[in-house]
Amino acid sequence: MKIALYISAILLFFTSCEKVISVDLSEGKKQLVVDGFLTNEAGPQTIHLSVTQPYFDNTTPPPAIGAVLKVISSQGDTFSFVDNNNIGAYTWPGNPTDTLCKTGLSYTLNISYLGSNYTSSSKVNPVPPVDSLTFTPNIDVSGKQNGYVAQFFATDFKKQDDYYWVKYYRNDTLFSDPSSLLVSINGAIFAPGADGFQFIVPVRAGINKRSNPYLLGQTVKVEVLSITADTWQFFGEAQTQMTNGGLFATPPANVSTNISKISGDGISPIGWFCTSALSRKSAVAQ
Amino acid sequence: MRKTLLSFFLLSTLFSFAQEKFTVSGYVRSPEDGEEIIGASIQVQETGASITTNDYGFFSISLPKGSYTLIFSISGFADAEQKVELMQDIKLKVDMQRKATKVEEIKITVKRKTDNVKKIDMSTIQLDIKAIQKMPALLGEPDVIRSIQTLPGVSTVGEGATGFNVRGGNIDQNLILLDEAPVFNSSHLFGFFSVFNPDAVKSVKLVKGGISSQYGGRLSSLLDVRMKDGNKKKFQASGGLGLIFSRLAIEGPIIKNKASFIVAARRSYIDVLAKPFLPTSLKDAKFYFYDLTAKANWEINEKNKIYLSAYMGRDVFGTSAFGFNWGNATTTLRWNHLFNEKMFMNMTTYYSNYDYRLDAGATDANGFHWNSNIINYAVKPEVTYYLNTKNTLKFGLQSTLHNIKPGTATFSSSGQSSTITLADKYALESGLYLENEQKIGTKLIVNYGLRYSGYLFLGPGKSYNYGDTTAGIAKPLEGTTDHKNGDLITSYFNPEPRLSVKYDINDKSSIKASYNRMAQYIHLLSNTAASTPLDMWTISTNNIKPQLADQAAMGYFRNFGEKHVIEVSAEVYYKWMQNQLDYIKNASLLLNEKFEGDLLGGNGRSYGLELYAKKSEGRFTGWASYTLSRSERKVASINQSNWYPTRYDKTHNFNLILAYALTKRIDVAANFVYSTGVPSTFPNSRYVVQGYIIPNTENDARNNFRVTPYHRLDLSVTLKPKVKENRKFYGEWVFSVYNVYARENAFTIYFQADPNDATKTQAIRYTIIGTAIPSVSYNFNF
């Protein structure tokens, strides 16, 4: 996908242009949206439930309220999530020292909404520590220094295939645009060839925006989350669909979901449930 | 079935004992440069019998003792006449003069039919390279593939896309031959230019249906490009200076009238010109291409002639941190041999290598390098036997060894490195064919043939066994088997019957019909709107079945005008295709050992009406084409397993190409193109996960909308020097404007979150060329 974006950039020479236009789209059937990403961080955990909206409806997604939501661990512990403010944010309060996700365990999500029951499950895989975060001067083509390039160092586990989601922040603001979404297999980009290596350069340095480098004194924070193979696939599909333009676009297709309806004739589900272990490091650019 | 067909062949060719007959045979050439003329018609005035020169300019016809007048004709050349007293076998060398642009008197007044009515070939268009060079072109550079795209039945997914689609076929279903060797990627700079250097091209023929049994291995078309042999009389240089690249070709005799050569080269320099306009982050970008075409031929004696041709070209893209490049190299050695005046043989052997590589990371300690190749070795003996006036037999064999090297990838990180090598694959693809072109009475010609193709997937290698699963998700790998050198892993055999019929209604019109079955054993894996240079070719395996197509076509052909200068045709076709490849969602095709698990198989169908009118003589020349068509696929799990239109389905497709000789020194030309917008998939709802707005389409529909129609006008003016006797140096200026009224044609319409406000979604129209592009180029020869 990155290759395609790159080529498109080169094709700018051919006076290619992109314009926002208006298109008449019909409205699709409503679906229940599950946004459930839990970690081993101490303290409360939240799962969001909402309903799909027309593609050009730019309002806040309508919340799905009145659902009963539970997460059960493979050891039999049950965690209840409650939407106290009727905004579709179902929260497990926890204590500041309690963690929900434990590495190696599996978790099942059960949702009961408007008479239908939905379920999903996920496993917590181990995550390696972020060993260090380094900065080197960013030299642009004209030879001038312009800010810093950050790299984080972590080493993939040997033997099994491991999947990671890397979230990164500038002064505590998450890089949240679709092209900044960074996932990795075995610390590499798209093939399992680097098993057991230190994360490769495109991942290590994948936490930078070339057009807007880190500046002296800015805080850079990196979080590495272990994810399941399915979740890695989900993020790949989602990123493809969110940035699917240009000469080499793939045929648009709906992103997979791991939520299934087990009973009732309510609306069909969409969205994702994932449990992760998390490691983190932050440093000041210098 | 096969036996009866064979005995029919034999029977029909045996009853040929009548009065004493002699053979007149020979070559047709252009006297200025000694080039043989392909596809020239020879008509016997006294009997009405006719024949066509083959790909090497050779013809042979047997007639009863007597005196005859032979009339030679082909568009772009003045007719020639030759009287013969046939008392014994006669060998001829016939010269045909190329026409200047101005009208020339046609000296021969006989009512001759033009090629489209006379020849049995249907769904076939032969383009004169001079006609291609007259069309207004992008950046002033005439291009073979872009001119092919103006013909009826040919479409493309959009501007700048690699390749072309014929009658609803995918881009990998075109057999593209450059002097008999296959070209795997016909494009430079994605699809803006093609690998064929017009300075070195002699003829271009596109066959969309009724394909002769001589050709096989692709479903949808044959694009037969023949290179010039090189001037046999004198040294000559030609070339051009353009905005985007420059060309130079040198040709001349090695031994006068016996042996000659041509060498033609091109190099682009857009990267240099574009540098000031690129953003800082792309300042060190490289993107260029070059190609070199070379050929030599030697007429050893009257019976033997050899040709050696080679092509080498490469495209390079990238920056110091990331780049890729790809290229084709082919070498062909051909030997023409005349066993006698009735039996012509051509033996071709070729080597072809297509490779591509991807490099990321500036240093060896940290990087990723990948390269991949497809190598082919082939031998093709082909014999034409001009048995008698009524029958011309063709038979031959073709055998190709495919060696696919899917690639070696090297990862390095902080000095550690690992290499993934996907095992090589080998296969032997062979075809055996026999066909007869038979004249029945004076009005009917039938060409019937059978090609029998066989495919052996051979060791050494590895085969993969997949389990069954719900269509649409990756098939689980259940095990692999290692095979030793020479082991037969899987084989496929396909009889491919071919049939063409022509019936003359009168001297102005004819009807034609054809049927062909084609089998294809090599496939391009491409899951993007336009094919990328990194798309992988794969051969049929135990998991990938050969693609099959059955096509039937019918057409009406007619000439208009006093001298039959306007050729008009109308054709309808229906094509049914099996084992078409498609892909599961998010299929992983690059460097994935288990890619076969991500493939889906389905059926395709296409049908349409094609109208074509062409005027190739006079001050005013050009053609108009209109296609009404549908191209669809049905693949389990895609579009809820219902039929859906392909990415290149265009209901209406209209092209108008005109050239006018304004004065002796000024030519003007115009192109106009209109086509229905291509289908596309549009979402109709959205949802949010982890802050990301994800689009969603009800029922997982595929290609449920169409983008806006495509239309464009191009104009050009060519200024030629004063006509002078004995002028040695000839130079012309070409001024052109591409996309004159700056239409912003949609390549795609896609949907995304507003980059400035991630909570808002928007539709974006992506245009490849959205402005008028003026250009100037200078062409010369001396």
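Think of each chain on its own: its residues are numbered from 1, step by step along the sequence as written. Lettering of chains starts at A and numbering of ligands starts at 1, both following the order in which they are written. Residues qualify for local features only when their pLDDT is at least 70, as the model is predicted, and side-chain atom pairs are given and counted only at 80 or more; totals for whole chains, interfaces and linings, by contrast, use all residues.

We now examine the overall build of chain A. Secondary structure assignment for chain A yields 3 helices and 18 strands. As defined in this context, the radius of gyration uses C-alpha atoms, and a globule is described by 2.2 Å times the residue total to the power 0.38. In terms of overall size, chain A behaves like a compact globule, its C-alpha atoms giving a radius of gyration of 21 Å where 286 residues would be expected to give roughly 19 Å. Its C-alpha atoms put chain A at 65 × 50 × 35 Å along the principal axes. Counting other C-beta atoms within 10 Å of a residue's own tells you its class, since 20 or more makes it buried, 12 or fewer makes it exposed, and anything in between is partly exposed; those C-beta atoms are placed from the backbone. Split into buried and exposed, the 286 residues of chain A put 42% on the buried side. Considering only intrachain contacts with a sequence separation of at least 6, the fraction spanning at least 24 residues in chain A is 67%. Secondary structure elements follow DSSP: runs of H or I no shorter than four residues count as helices, runs of E no shorter than two count as strands, and numbering proceeds from the N terminus. Throughout, a residue-residue contact means that the two C-beta atoms, derived from backbone geometry, are no farther apart than 7 Å.

Scanning chain B from terminus to terminus reveals 5 helices and 50 strands. Taking 782 residues into account, the globule formula puts the C-alpha radius of gyration at 28 Å, and chain B, at 27 Å, falls close to it. The principal-axis extent of the C-alpha atoms belonging to chain B is close to 90 × 65 × 50 Å. Counting across all 782 residues of chain B, residues that qualify as buried make up 50%.

With that settled, consider the pairing of strand S27 (residues 425-440) of chain B. Residue and element names in this part refer to chain B. By the convention used here, strands pair only if DSSP detects at least 2 bridges between them. In terms of strand pairing, S27 meets strand S28 (residues 444-458) through 15 bridges, oriented antiparallel. Paired with Asn436 across the two strands is Tyr448, which belongs to S28. Two successive antiparallel strands, S27 and S28, enclose a turn made up of 3 residues, where Gly441 displays a positive phi of approximately 65°.

Okay, the environment of Tyr464(B) next. Residues and elements named next belong to chain B. Considering the arrangement of structural elements, one finds Tyr464 in strand S29 (residues 461-466). Here the alpha-carbon distance between Tyr464 and Lys594, two residues 130 residues apart in the chain, equals 8.0 Å. Non-local contacts of Tyr464, meaning those with residues more than four positions away in its chain, are made with Leu477, Thr480, Asn543, Lys594 and Glu596.

As summarised here, the arrangement of the 3 strands in space is S1(A)-S49(B)-S48(B), forming an open sheet in which the pairing is antiparallel. Each having just a single partner strand, strand S1 (17-21) of chain A together with strand S48 (748-754) of chain B make up the two edges of the open sheet. The sheet shows a mean angle of 40° between the axes of neighbouring strands, taken without regard to direction. One ladder, built from 7 bridges, connects S48(B) with strand S49 (residues 757-767) of chain B; its direction is antiparallel. Paired with Thr748(B) across the strands is Tyr766(B), a residue of S49(B). Here an angle of 0 to 180 degrees is reported between the N-to-C directions of two axes, which are lines fitted to C-alpha atoms, with helices fitted over the stretch in contact.

All names here are of chain B. Strand order in the open sheet made by the 5 strands is S8-S15-S16-S11-S12, with mixed pairing throughout. Of all strands in the sheet, those with a lone pairing partner are strand S8 (124-128) and strand S12 (181-182), marking the two edges. Relative to strand S16 (residues 221-227), strand S15 (residues 201-207) runs antiparallel, the two sharing 6 bridges. Bridge pairing in S16 places Ser203 opposite Arg226.

Let us look at the interface of chain A and chain B. Residue-level contacts link 73 residues of chain A with 75 residues of chain B. If you list the elements that add at least two residues to the side of chain A that touches chain B, you get helix H1 (2-10), S1, strand S2 (32-39), strand S4 (53-54), helix H2 (201-204), helix H3 (229-242) and strand S17 (269-276) of chain A. Residue contributions to the side of chain A that touches chain B peak at 7 residues, all from H3(A). Looking at chain direction, S4(A) and strand S43 (residues 685-689) of chain B are connected through 2 bridges and run antiparallel. Residue pairing for S43(B): Gln53(A) is matched across the bridge by Arg686(B).

All names here are of chain A. Examined at the domain level, chain A breaks down into domain 1 (28-125 + 234-277) and domain 2 (132-230 + 279-284). Here the C-alpha centre of domain 2 lies 26 Å away from the C-alpha centre of domain 1. On the side of domain 2, 11 residues touch domain 1, which itself brings 15 residues to the contact. If you list the elements that add at least two residues to the side of domain 1 that touches domain 2, you get strand S9 (116-123), H3 and S17. Each residue receives one of three labels: charged for Asp, Glu, Lys and Arg, nonpolar for Ala, Val, Leu, Ile, Met, Phe, Trp, Tyr, Cys and Pro, and polar for the others, Gly being one of them. Of the residues contributing to the side of domain 1 that touches domain 2, the split by class is 6 nonpolar, 8 polar and 1 charged. Here the limits of each domain have been adopted from an automatic or database domain assignment.

The next point concerns the domain arrangement of chain B. Residues and elements named next belong to chain B. Looking at chain B, the domain boundaries give domain 1 (2-112) and domain 2 (124-781). When each unit is reduced to the centre of its C-alpha atoms, the spacing between domain 1 and domain 2 is 32 Å. Contact residues are listed per partner, giving 34 residues for domain 1 and 40 residues for domain 2. Counting only elements with at least two residues in the side of domain 1 that touches domain 2, the list comes to helix H1 (2-14), strand S1 (21-29) and strand S4 (58-64). Broken down by class, the residue content of the side of domain 1 that touches domain 2 amounts to 10 nonpolar, 14 polar and 10 charged.

Moving on, we come to the pairing of S9(A). All names here are of chain A. Strand direction decides the pairing type here: strand S8 (residues 106-113) and S9, joined by 8 bridges, are antiparallel. Within S9, the position partnered with Leu109 by the bridge is Ser120. The antiparallel hairpin formed by S8 and S9 contains 2 residues in its connecting segment, where Leu114 sits at a positive phi of about 45°. Sheet analysis places S9 next to strand S16 (residues 260-263), joined by 3 bridges and oriented antiparallel. Residue Thr119 lies in a different strand from S16, and its bridge partner there is Ser260.

The next point concerns the nonpolar core. Note on terminology: a nonpolar core is any set of buried Ala, Val, Leu, Ile, Met, Phe, Trp, Tyr and Cys residues joined through C-beta atoms within 7 Å. Counting residues in each nonpolar core, the largest one holds 98 residues, and the members touching the most others are Val144(B), Ile148(B), Leu177(B), Leu178(B), Val201(B), Leu223(B) and Val225(B). For Leu223(B), the contacting residues outside a window of four places in its chain are Ile148(B), Asn174(B), Ile176(B), Leu177(B) and Leu206(B). Formed by 84 residues, the second largest nonpolar core is a distinct cluster that contains Leu133(A), Cys274(A), Leu358(B) and Leu534(B).

Turning our attention to unusual backbone geometry. Note on backbone geometry: most residues besides glycine have negative phi, and most peptide bonds are trans. Residues and elements named next belong to chain B. Residue Gly459 is joined to Pro460 through a cis peptide bond whose omega torsion reads 5°. Of note, Pro460 is situated in the loop between S28 and S29. The phi torsion at Asp179 lies on the positive side, around 45°, for a residue other than glycine. On the basis of neighbour counts, which here come to 24 C-beta atoms within 10 Å, the residue Asp179 falls in the buried class. Notably, Glu180 is not glycine yet its phi reads approximately 75°, a positive angle. The residue Glu180 is located in the loop between strand S11 (174-178) and S12 in this model.

A word on the confidence of the model for chain B. All names here are of chain B. Confidence in the prediction for chain B averages 87 pLDDT; 92% of positions are at 70 or higher. Confidence scores labelled pLDDT are given residue by residue by the predictor and lie between 0 and 100. The low-confidence segment residues 8-18, where pLDDT is below 50, has 12 contacts with residues more than four positions distant or belonging to other chains. Ignoring residues within four places in sequence, the model shows residues 101-111, a span with pLDDT below 50, making 18 contacts including any to other chains. This prediction of the complex comes with two scores: 0.87 for pTM and 0.93 for ipTM.

Residues and elements named next belong to chain B. By the element assignment, Leu308 lies in strand S21 (residues 304-318). As a C-alpha pair, Leu308 and Ala296 span 12 residues in sequence and 5.3 Å in three-dimensional space. Beyond its immediate sequence surroundings of up to four residues, Leu308 is in contact with Lys295, Ala296 and Leu333.

Now for H3(A). What a helix is expected to span follows from its residue count: subtract one and scale by 1.5 Å. If you check H3(A), its first and last C-alpha atoms are 20 Å apart, about what 14 residues at 1.5 Å a residue would give, namely 20 Å. Within H3(A), burial applies to Thr231(A), Gln233(A), Phe234(A), Phe235(A), Ala238(A), Gln239(A), Gln241(A) and Met242(A). The inward-facing, buried residues of H3(A) contact strand S12 (163-170), strand S14 (182-185), strand S15 (219-227) and S17 of chain A together with strand S44 (692-696) and S48 of chain B.

In this section: the confidence of the model for chain A. In the predicted model, chain A carries a mean pLDDT of 88, and the fraction of residues at 70 or more is 92%. Within the model, the stretch residues 1-12 of chain A combines pLDDT values under 50 with 19 contacts to residues more than four positions away or in other chains.

This next bit is on the environment of Tyr452(B). Residue and element names in this part refer to chain B. Here Tyr452 is to be found in strand S28. Expressed as a C-alpha distance, the spacing of Tyr452 and Gly216, which sit 236 residues apart in the sequence, is 9.4 Å. Not counting residues within four places of it along the chain, the set of residues in contact with Tyr452 comprises Gly431, Leu432 and Pro495.

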